[in-house]
Amino acid sequence: VRALIALGFALAIAALVRAPGHWGGHAVDRVFAQAVYDAAAGIGAVLCLWRASAVDKGRAAWSLIALAFVLELAGSTVYAVLYGASGGPVPSVADAFWVAFYVPMAAALVLRVRAAGGVPRAVILDVMIAAATLGSISAAFAADVVTDTDGGSLAHRLTALAYPVGDLVLVLLVLQLAAANAWRLGRAATLVAGCFLLWAVTDTVHAAQTAHGTYVAGGVLDLGWIFPFVLLGAAAWLVPDPPTPFRRTAGGRALVVPVGFAIVAVVMVLYSGLVDANLVAVALAATALACLVARFALIFRRHLALVARTGPVLDVVHDAFMSFDERGLVTDWNSAAEATFGWSREEVLGRDFVATFLPEDRREAQRRHMSHFLATGEDDVLDRRLERTVLHRDGRTIPIELMISSQETDDGYTFNAFLRDITARREVETAKDEFVAIVSHELRTPLTSIRGSLGLLASGVLDSEPAKAERMLEVALENTDRLVRLVNDMLDIERIESGTVHLARQACDAGQLVHDAADAMRTAAMLAGVTLDVPGGHGALWADPDRVLQTLTNLISNAIKFSPEGATVWLGVDARGDEIVFAVRDEGRGIPPDKLELIFERFQQVDSSDAREKGGTGLGLAICRSIVEQHGGRIWAESVGDGSTFQFTLPAAPAIQSPRTAALAGAVGDGSGADRAR
Amino acid sequence: VRARRRILVVDDDDGIREVAQMSLEMVGGHEVLTASCGYDAVVRAREARPDAILLDVMMPGLDGPATFARLQADPDSCRIPVILLTAKLQPADRARFAEIGVRAVIAKPFDPMTLSDEVADILGWARRPAASP
């Protein structure tokens, strides 16, 4: 096979290096040219068949090209046999074969275009622009054939015209193939394209020369038919290019080809219209320009459609949305993004997103990543949920969660990112971590005492010191109780807040509950030397009495703990509208204003030693708040001068209730004086 | 020379203070002083010049690191080695404690039978001084 190719090339070169002066007119030249022509076509056919047998993909296409060569050869042979060296009429039987050549050749190219994945509308327009421009050029040379009636019979002229038109179809198909491959042709396809272009030029010139009667067989023009066979043979011989693993649209470069042809079309309009007065050429060139207009209209409409489709949706979503192009310039921006980053859409469009939103130390890496992706298609960021830190307009950094997707458009890649400010989530996470740290500390503290005292007791070092051993037992016991209270309180608050505890709401008397709570705390008050001042108020309450009692005893217990000896703790209950207000007031050390809210948080005593010193768990007020809020009430603390007042509201029982509730409601305000305990 | 050492235990929790004192006295044979807050610790350290200070981290008022800073600022107490005793031992805490220059950190709950050995190892003392029972 290689030998055949070498022979073909040798013959073609031999034909080419013959002195130009020897070409034309002589019978020997005609025969020689014919021989070279046949040899080139034959070798081309053999090479194409060989390629067809060697490849997996494109076998049919190469076979069809080989078939086209055979038809060409057949035409040539028929011509030689019928008319010899003297030349035959136009059209002749040979022309039937030569025109038939275009059918398998075009079919082969159509197959390749299909294999490349078809052609979008925009590309078809591009090809039409190119075709109309080339047609215009062709017409500028060959239109005489049609218009000049002296050029011979109609059949003669139509036959002469058939070749350039057929060539043009082939060139069109090659252009489509190129367009379908994003205007990147392999070496083989480039040779094929060159071959058809050469044929198109040669046939156009031939048609013109035939029309003018100046064509001479065996002349230089014949080289224009011979050399393409060499090109096709070389295309078949070449090792196919490895398939490009990454295919990308050429971006703005995609428009270079149609715009380039359109410029030529403008020249053609001017030349053919003003100089040559060739209406066919002008019409074709004008068609090319019309196609270019349609092409831009298509781009514009697609853009408008995209904006119309996505714009309103993007402005109602809560996530920030941003698009940027290959250069990193922002191309889209929704209102949530305005809120997140502080840049308005007008300000931010066209800005470099890397320089605008990324912290200084991340910019270089991002730029490198982007160019690496554009060059290779490799990436480990797209379509993944990422967490990053970005810059707000005012310079502060904000943690965001984002997902970027890429989209291939006519203008290259567009990157779309949905971003969400996760500052709040980060804060919750931090708060959770802190809470876990606090809980572990709160649990470890009593455990340390228990572990230590029991360890000493178990070792026997205290065997000879019964008093010390007893003290260690007490420490273990006290801290075990504290641990139990802590665990209970933590479970309690968790259950109340999560709503797993069912509140057994019922109508109950607020005054009675205050009395019950005071009774429960009387012993503690007595031990602390504190007086409990209990009012005689009443109020019909709609609540879970056990939980209200728990809240009251908690508050009273706190009040007693922080009261100096001899002080008084006042309790109060009052109906205000559809609420019952409870109050517990002490004469203790008071609460700093900045802590009035904080003390209701878990483990947030005014002084972190308070809980331990006073035997609490640091959860009492948090539990109170949970209970009250679950009932739909409010709890707060006030502290003016000495002492503080804790108050909370609970819903009053509705006016129309069971007879029992009605009886209770009637008793509201029926006070019976203070009840003192010491 | 193996000798009885004087150790200042600073903790706001009564139980822990008692247990640590008992452990260092009965197992380690040391003399133990206690303080229940940072201010008290600074005063006692200056007066009694202990050989080492075991310092709780989470304390009201002056916390462990703040107390340590005061001890360091005072020429009378700046040479006394300080060991933190803490129930708060997240990795971030460890890094923070390492930065401020304390000799070591002992985690709560601690083993009362090995506490004095641990302290001795940290400070390069001989284990079980002569006075040990």
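Just so you know, these numbers come straight off a predicted model, no measurement behind them. Throughout this description, residue numbers start from 1 for each chain and increase along the sequence as written. By the order in which they are written, chains take letters starting at A while ligands take numbers starting at 1. Reporting in this predicted model follows two pLDDT cut-offs: at least 70 for local features of residues, and 80 or more for side-chain atom pairs to be given and counted; totals over whole chains, interfaces and linings ignore these cut-offs and use all residues. To get the side-chain values, take all heavy atoms of the structure and skip hydrogens and water.

## Looking at the overall build of chain A
Right, on to step 1. Numbering goes from the N terminus for both helices and strands, where a helix is a DSSP run of H or I of at least four residues and a strand is a run of E of at least two. Scanning chain A from terminus to terminus reveals 22 helices and 13 strands.
Right, on to step 2. Here chain A, with 678 residues, has 46% of them falling under the buried criterion.
Right, on to step 3. In what follows, a contact means two residues having at least one pair of non-hydrogen atoms within 4.5 Å. Sequence-distant contacts, at least 24 apart, represent 68% of the contacts inside chain A between residues at least 6 apart.
Right, on to step 4. Here, Shrake-Rupley sampling with a 1.4 Å probe gives the accessible areas, and only protein chains in the shown set may cover a residue. With an accessible surface of roughly 33000 Å², chain A has 61% of that area assigned to carbon and sulfur atoms. Remark: exposure states derive from per-residue accessible area (1.4 Å probe, protein chains only) relative to the maximum for the residue type, with buried under 20%, exposed over 50%, and partly exposed in between.

## Examining helix α5 (residues 102-115) of chain A
Right, on to step 1. Here the expected length of a helix is defined as 1.5 Å per residue gap, with one fewer gap than residues. A rise of 1.5 Å per residue sets the reference length of α5(A), with its 14 residues, at 20 Å; its end C-alpha atoms lie 20 Å apart and thus fit the reference within 8%.
Right, on to step 2. Listing the buried residues of α5(A) in full gives A:Y102, A:P104, A:M105, A:A106, A:A108, A:L109 and A:V113.

## Quick word on the nonpolar core
All names here are of chain A.
Right, on to step 1. Remark: nonpolar core denotes a set of buried residues (Ala, Val, Leu, Ile, Met, Phe, Trp, Tyr, Cys) joined through side-chain atoms within 4.5 Å. Core analysis: the largest hydrophobic core is formed by 51 residues, its most contacted members being W62, F69, F101, M105, L170, F196 and W199.
Right, on to step 2. If you list the elements that add at least two residues to this core, you get α2 (27-54), α3 (59-83), α4 (93-100), α5, α6 (121-147), α7 (154-180), α8 (187-212) and α9 (223-237).
Right, on to step 3. Per-element tally for this core: the top contributor is α2, with nine residues.
Right, on to step 4. Discounting chain neighbours no more than four positions away, the residues touching L170 are F101, Y102, M105, A106, L109 and F196.
Right, on to step 5. Within the second largest apolar cluster, 38 residues are counted, among which are V514, V534, L596 and I599.

## Focus: the environment of A:H631
Residues and elements named next belong to chain A.
Right, on to step 1. As for its position among the elements, H631 is in the loop between α21 (620-630) and β11 (635-638).
Right, on to step 2. Distance in space between the C-alpha atoms of H631 and V548 is 9.6 Å, their sequence separation being 83 residues.
Right, on to step 3. Excluding residues within four positions of it along the chain, H631 makes contact with L503, R505, W542, A543, D544, R547, L650 and P651.

## Here we look at the packing of α4(A) against α5(A)
Residue and element names in this part refer to chain A.
Right, on to step 1. Helix axes are fitted to C-alpha atoms over the stretch in contact, other axes to C-alpha atoms as well, and angles between N-to-C directions run from 0 to 180 degrees. Running from amino to carboxyl end, α4 crosses α5 at an angle of 0°, the nearest separation of the two axes being 5 Å. The pairing of α4 with α5 is recorded here as roughly parallel in orientation. Contacts between α4 and α5 involve W98, V99 and A100 on the former and, on the latter, Y102, V103 and P104.
Right, on to step 2. For this classification, the nonpolar set comprises Ala, Val, Leu, Ile, Met, Phe, Trp, Tyr, Cys and Pro, the charged set comprises Asp, Glu, Lys and Arg, and every other residue, Gly included, is treated as polar. Partitioned by chemical class, the residues of the contact of α4 with α5 number six nonpolar, no polar and no charged. Should an angle fall under 35 degrees it is called roughly parallel, over 145 degrees roughly antiparallel, and 65 to 115 degrees roughly perpendicular, with every other angle called oblique.

## Concerning the interface of chain B and chain A
Right, on to step 1. The interface is formed by 23 residues belonging to chain B together with 27 residues belonging to chain A.
Right, on to step 2. Accessible surface is computed with a 1.4 Å probe, and the buried area is the amount of it that two parts give up when combined, taken over both parts together. Roughly 2100 Å² of surface becomes buried between chain B and chain A when both sides are summed, with 68% attributable to carbon and sulfur atoms.
Right, on to step 3. When the buried area of chain B at its contact with chain A is split by residue, B:M22, B:M26 and B:A87 rank highest and sum to 24% of it.
Right, on to step 4. Basic side-chain nitrogens of Lys or Arg form a salt bridge, by our definition, when they fall within 4 Å of a carboxyl oxygen of Asp or Glu. Joining chain B to chain A, the criterion identifies three salt bridges.
Right, on to step 5. Among the salt bridges present, the one from A:R451 reaches B:D111, with a minimum N-O distance of 3.6 Å.
Right, on to step 6. Each polar contact in these results corresponds to two N or O atoms within 3.5 Å; when the atoms are within protein, one needs to be able to donate a hydrogen and the other to accept it, and residues that are neighboring in sequence are counted only if both atoms are side-chain atoms. Between the two partners, chain B and chain A, sit five residue pairs in polar contact (both at pLDDT 80 or more).
Right, on to step 7. Taken together, the residues of the side of chain B that touches chain A sort by class into 13 nonpolar, three polar and seven charged.

## Brief notes about the packing of aromatic side chains
Residue and element names in this part refer to chain A.
Right, on to step 1. Pairing of aromatic rings covers Phe, Tyr and Trp, the last counted by its six-membered ring, and requires centre-to-centre distances within 6.5 Å; plane angles under 30 degrees mean stacked, over 60 mean edge-to-face, and any other angle means tilted. With the rule as written, the count across this model stands at 18 aromatic pairs over all chains.
Right, on to step 2. Here the aromatic rings of F69 and F229 are separated by 5.2 Å at their centres, their planes lie at 90°, and the arrangement is edge-to-face. You can see F69 sitting in helix α3 and its partner F229 sitting in helix α9, a full 160 residues away along the chain. Comparing F69 with F229 shows no difference in burial state: the two are buried.
Right, on to step 3. With a centroid separation of 5.3 Å and 80° between ring planes, the pair formed by F101 and W199 is classed as edge-to-face. Here F101 is found in the loop between α4 and α5, whereas its partner W199 is found in helix α8, with 98 residues between them in sequence.
Right, on to step 4. Among the aromatic residues, those joined into a ring-pair cluster are F69, F101, Y102, Y163, F196, W199 and F229.

## Quick look at unusual backbone geometry
Right, on to step 1. Here B:K108 and B:P109 are connected by a cis peptide whose omega angle stands at -5°.
Right, on to step 2. Along the chain, B:P109 falls in the loop between β5 (104-107) and α5 (115-123).
Right, on to step 3. Within the chain, A:D383 stands out as a residue other than glycine whose phi angle is a positive 60°.
Right, on to step 4. The residue A:D383 is located in the loop between α15 (360-376) and β3 (386-391) in this model.
Right, on to step 5. Accessibility expressed as a relative area gives 51% for A:D383, which makes it exposed.
Right, on to step 6. Here B:R49, not a glycine, exhibits a phi torsion of approximately 45°, which is positive.

## Re the sheet that holds strand β2 (residues 330-333) of chain A
Residues and elements named next belong to chain A.
Right, on to step 1. Strands qualify as paired when DSSP identifies two bridges or more between them. Spatial strand order, β2-β1-β5-β4-β3: five strands in an open sheet with antiparallel pairing. The open sheet terminates on both sides in strands that have one partner only, identified here as β2 and β3. Strand-to-strand, the axes of this sheet are offset by a mean angle of 35°, without reference to chain direction.
Right, on to step 2. Sheet analysis places strand β4 (residues 397-409) next to strand β5 (residues 412-421), joined by ten bridges and oriented antiparallel. If you follow L402 over to β5, its bridge partner there is L419.
Right, on to step 3. The sheet strands contacting α15 are β1 (320-325), β3 and β5, and the helix crosses β5 at an angle near 140°.
Right, on to step 4. Across the sheet, helix α16 (residues 423-459) lies against β3, β4 and β5, angled at about 135° from β4, the strand it touches most.

## Quick notes on the pattern of salt bridges
All names here are of chain A.
Right, on to step 1. Enumeration over the complete set of coordinates arrives at 32 salt bridges over all chains.
Right, on to step 2. A salt bridge links R420 to D319, with the nearest nitrogen and oxygen atoms 2.9 Å apart. Taken as a pair, R420 in strand β5 and D319 in the loop between α11 (279-316) and β1 lie far apart in primary sequence, 101 residues in all.
Right, on to step 3. Judged by relative accessible area, R420 falls into the partly exposed class, the value being 41%.

## Quick notes on the state of the cysteines
All names here are of chain A.
Right, on to step 1. Working definition: a disulfide is two cysteine sulfur atoms within 2.5 Å of each other. What the rule picks out here adds up to zero disulfides over all chains.
Right, on to step 2. A disulfide-free cysteine, C48 has its sulfur positioned 9.4 Å from the sulfur of C195, the nearest such atom.
Right, on to step 3. The buried category is assigned to C48, whose relative accessible area is 0%.

## Structural notes on the confidence of the model for chain A
Right, on to step 1. Known as pLDDT, the predictor's confidence for each residue is given on a scale from 0 to 100. Summary statistics for chain A give a mean pLDDT of 80 and a share of 82% for residues scoring 70 or more.
Right, on to step 2. Low pLDDT (under 50) marks residues 19-25 of chain A, which in the prediction has 15 contacts with non-local residues, meaning those over four places away or in another chain.

## What to know about the environment of A:V169
Right, on to step 1. Note on placement: A:V169 falls in helix α7.
Right, on to step 2. C-alpha separation for the pair A:V169 and A:A106, spaced 63 residues apart in sequence, amounts to 7.6 Å.

## Let's talk about α15(A)
Residues and elements named next belong to chain A.
Right, on to step 1. Compared with an ideal rise of 1.5 Å per residue, which puts 17 residues at 24 Å, α15 spans 26 Å between its outermost C-alpha atoms and is within 8% of the ideal.
Right, on to step 2. Of the residues making up α15, those classed as buried are R363, Q366, M370, F373 and L374. For α15, the arc enclosing every buried residue in end-on projection is 100°, short of the 170-degree limit, so these residues lie on one face. Facing away from the buried side of α15, by more than 90 degrees, are the exposed residues D361, R368 and A375. The arc refers to the directions leading from the helix axis to the C-beta atoms.

## Re the sheet that holds β5(B)
Residue and element names in this part refer to chain B.
Right, on to step 1. What the five strands build is an open sheet, ordered β2-β1-β3-β4-β5; its pairing is parallel. If you trace the sheet from one side to the other, it starts and ends with β2 (31-35) and β5, each paired once. Averaged over all pairs of adjacent strands, the angle between strand axes in this sheet comes to 25°, irrespective of strand direction.
Right, on to step 2. With four bridges connecting them, strand β3 (residues 52-56) and strand β4 (residues 82-86) associate as parallel partners. Within β4, the residue paired with L55 across the bridge is L84.

## Overview of the pairing of strand β7 (residues 531-534) of chain A
All names here are of chain A.
Right, on to step 1. Burial along β7 is two-sided: T531 and D533 and L532 and V534, pointing in opposite directions, are all buried.
Right, on to step 2. Pairing of β7 with strand β9 (residues 568-576) involves three bridges; the strand directions are parallel. Bridging across to β9, T531 finds its partner in T568.

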